[in-house]
Amino acid sequence: PNTAWNDTLIYELHVKGFTHLHPDVPARLRGKYAALATPAVLEHLQRLGVTAVELMPIHAFIDDHHLVQKGLSNYWGYNTIGFFAPDARYSANGTLAELKTVVKTLHSAGIEVILDVVYNHTAEGGRLGPTLSFRGIDNTAYYRVMPDDPRQYMDYTGTGNALNMMHPRVLQLITDSLRYWVLEMHVDGFRFDLAAALARELHEVDRLAAFFEIIHQDPTLSQVKLIAEPWDLGEGGYQVGNFPVGWTEWNGKYRDVVRSVWKGEGGLIGELAYRLTGSSDLYARSGRRPYASINFVTAHDGFTLEDLVSYNEKHNEANGEDNRDGDPNNNSWNCGVEGATDDPAILALRARQKRSLFATLFLSQGVPMLLAGDELGRTQRGNNNAYCQDNDTSWLDWSLREANEPLIGFVQQLAELRRWHPVLRRRNFFQGRRIVGPDVKDIGWLNPDGHEMSDAEWGQSFARCLGMYLAGRALEEQDERGRPLVDDDLLVLLNAHHEPIPFTLPTSNGSTHWHTVIDTQYDSGFAPVARYEAGQVYPLQERSVALLMQFRMQQ
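In this section: the sheet that holds strand 10 (residues 248–250). Ordered by their spatial adjacency, 8 strands build a closed barrel running 1-2-5-8-9-10-11-12, and the pairing between neighbours is parallel. Along the sheet, successive strands turn relative to each other by an average axial angle of 30°, direction set aside. Sheet topology note: the strand 10/strand 11 (residues 293–295) ladder contains 2 bridges and is parallel. For Glu-249, the partnering residue across the bridge sits in strand 11 and is Ser-293.

A separate point is the domain arrangement of the protein. The assigned domain composition of the protein is domain 1 (9–423) and domain 2 (430–550). Relative placement of domain 1 and domain 2: their C-alpha centres are 32 Å apart. Opposite the 31 residues of domain 1 that make contact, domain 2 presents 42 residues. The contact between domain 1 and domain 2 buries some 2800 Å² in all, and 71% of this surface belongs to carbon and sulfur atoms. It is Ile-269, Arg-352 and Val-423 that lose the most area in domain 1 upon contact with domain 2, and together they represent 24% of the buried surface on that side.

Our next topic: the sheet that holds strand 16 (residues 465–470). Judged by pairing direction, the sheet is antiparallel, and its 6 strands sit side by side in the order 15-16-17-22-19-20 without closing on themselves. The open sheet is flanked by strand 15 (443–446) and strand 20 (531–533), the only strands paired with a single partner. Across the sheet, the axes of successive neighbouring strands diverge by a mean angle of 25°, strand direction being ignored. Sheet topology note: the strand 15/strand 16 ladder contains 4 bridges and is antiparallel. Looking at strand 16, one finds that Ile-443 is bridged to Leu-470. Helix 9 (residues 269–276) contacts strand 15, strand 16 and strand 17 (489–495) of the sheet and is inclined by roughly 30° relative to strand 16.

Once that is clear, we can look at the packing of helix 12 (residues 344–362) against helix 13 (residues 405–420). Close contact between helix 12 and helix 13 brings their axes to 10 Å; oriented N to C, the two are set at 15°. With respect to helix 13, the axis of helix 12 lies roughly parallel. Of the two elements, helix 12 crosses helix 13, and the hand of that crossing is right-handed. Here Lys-354, Arg-355, Phe-358, Ala-359, Leu-361 and Phe-362 of helix 12 come into contact with helix 13, specifically with Leu-407, Phe-410, Val-411, Leu-414, Ala-415 and Arg-418. Looking at the contact of helix 12 with helix 13 residue by residue, the classes come out as 9 nonpolar, no polar and 3 charged.

Further remarks concern the side chain of Gln-380. Here Gln-380 shows up in the loop between strand 12 (367–371) and helix 13. At a separation of 3.0 Å, a polar atom in the side chain of Gln-380 contacts the side chain of Arg-378. Aside from chain neighbours lying at most four places away, what touches Gln-380 is Gly-302, Thr-304, Asp-307, Ala-386 and Thr-393.

As a further point, take the pattern of salt bridges. Counted by the stated rule, this structure contains 25 salt bridges. Taking the shortest distance from any N to any O, the salt bridge between Asp-176 and Arg-179 comes out at 3.1 Å. Remark: Arg-179 and Asp-176 occur in helix 6 (residues 168–183); sequence separation between them is 3 residues, near one turn of the helix. Here Arg-179 falls in the partly exposed class, since its relative accessible area comes to 25%. Connected through shared salt-bridge partners, Asp-116, Arg-191, Asp-193 and Glu-229 make up one network.

In this structure the tally under the stated criterion is 28 aromatic pairs. Ring centres 5.7 Å apart and planes at 70° place the aromatic pair Tyr-11 and Phe-18 in the edge-to-face group. For Tyr-11, a relative accessible area of 0% gives the class buried. Ring pairing ties together the aromatic residues Phe-83, Tyr-119, Phe-134, Tyr-142, Phe-190, Phe-192, Phe-211, Phe-212, Phe-243 and Trp-247, which thus form one cluster. Positioned over the ring face of Trp-250 is Arg-191, at 4.0 Å from the centre of the ring. One cation-aromatic arrangement involves Lys-225 over Trp-5; the distance from NZ or CZ to the ring centre is 5.2 Å.

Cut-off values and rules
- Residues numbered from 1 in each chain as written.
- Predicted model: local features only at pLDDT ≥ 70, side-chain atom pairs only at ≥ 80, totals over all residues.
- Heavy atoms only, no water.
- Pairing = 2+ DSSP bridges.
- Helix = DSSP H or I, 4+ residues; strand = E, 2+ residues; numbered from the N terminus.
- Axes fitted to C-alpha atoms, helices over the stretch in contact; angles between N-to-C directions.
- Domains from an automatic or database assignment.
- Contact = heavy atoms within 4.5 Å.
- Buried area = accessible area lost by both parts, 1.4 Å probe.
- Parallel < 35°, antiparallel > 145°, perpendicular 65-115°, else oblique.
- Left-handed = near helix turned anticlockwise from the far one by under 90°.
- Nonpolar A, V, L, I, M, F, W, Y, C, P; charged D, E, K, R; others polar.
- Polar contact = N/O pair within 3.5 Å; in protein donor to acceptor, adjacent residues only side chain to side chain.
- Salt bridge = Lys/Arg side-chain N within 4 Å of Asp/Glu carboxyl O.
- Buried < 20%, exposed > 50% of the residue type's maximum accessible area, 1.4 Å probe, protein only.
- Phe/Tyr/Trp six-rings, centres within 6.5 Å; stacked < 30°, edge-to-face > 60°.
- Lys NZ or Arg CZ within 6 Å of the ring centre and 35° of its normal.

So, in structure tokens, the structure goes:
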């Protein structure tokens, strides 16, 4: 499909968990590669407007000894031992042709395939781990060892070892593997797990490291989609915003601030404004674009969206580590009760929070990423580190579909809205200055009085409400045929306060009317069709997002 980055919508899924319980997939194919090419799966992905699936690790991996001893397994698969082989557990017929056919079928449906790859460590673990391959071939060439004690490994990944990115044979192994998956299996890109570890030369993270240089110069790899998880567990490992041109990044800062805002924290609207507009503070200086930011609220690692609005604390007891594993800082809010409840008021509030989080994601510049099952209300019962849960904790429960049909429909409409409006998919950062005539800026920031935000208001510790005006006439971009792009004017209103805030609609661009489109206070997520005069007050409800439009004037 070769989808442009700014037109991309990513859907992160686990090959087994996504279809293992799917009633419309033939039983022998459930949880297998082939299931991803079945009509029921393709129909769901296309309905959501997905342009790329990001598959959690499918390279051949093994289960950790300590998990097997507890009767668990490495479900996520971040424990690679074979960088050229698809894992056989997910194969229905044991042939490479199965996976190739899946990729081809997804391509025919307009969906790209991105692989989550783990080139920062291997399954051989620390010095007491099993000798399976690389350690036996050439331990000090393949692994980073302590200079003063070569028996000990440097460990930037929390897994016991780190591959030695300074050795030419290791770099060759990785690039040969990447080329194989592109040229032979026809995948469209990669998401690099703990990518900061790949940039470590000597000790510090270096964005000019040999690894990036090789990728940048390779005629094949420089043309595919490259996504970094821009951190590792070593000192100085948090590198959001520091990857080179040509790379996109999981924007952890986007996730954290959006969660915190909807949790109800005040004083964050200044940072929220950066995140809504593609994070120019992170990416503009180095010549990158808004689509360098992969925006996400949830991913495989952490709470699902349902759990984000249902739990204040993690509940990982099933992992066998007395709930010590997993990140305790989740910026989550349970809406009044921890976990499952039948209180209708709390359930309604949780549903509204989910709609507001989805709306925020789709109305932000950058590349949105969905976690598979969030549209179905999938829960892991508070487990935020389900890496070893190959059971109904992690598998998608497709019986949730019927009850969550309104939410699925809302996500579908958000994706369509994004597809129809190029002002939501900009290739360049906003400039915040007058673009068209004396009074049309490409973006404006509004307070509830309908006036431009002042410097003092950006810093108010209690501020939880913000208006974002996007001028469709000031796009300054062209379509694929070189024609100027023009769009409607959009007004996004966010109120994360616990009380309604009347919002005065701005008067601008000579248009006198605003038309309602989205309002997450409603169960459907859509506002009843209504027209408001410019200067009129819009009843913006608590913990809600509203979108209004001024339709483009006929010129």
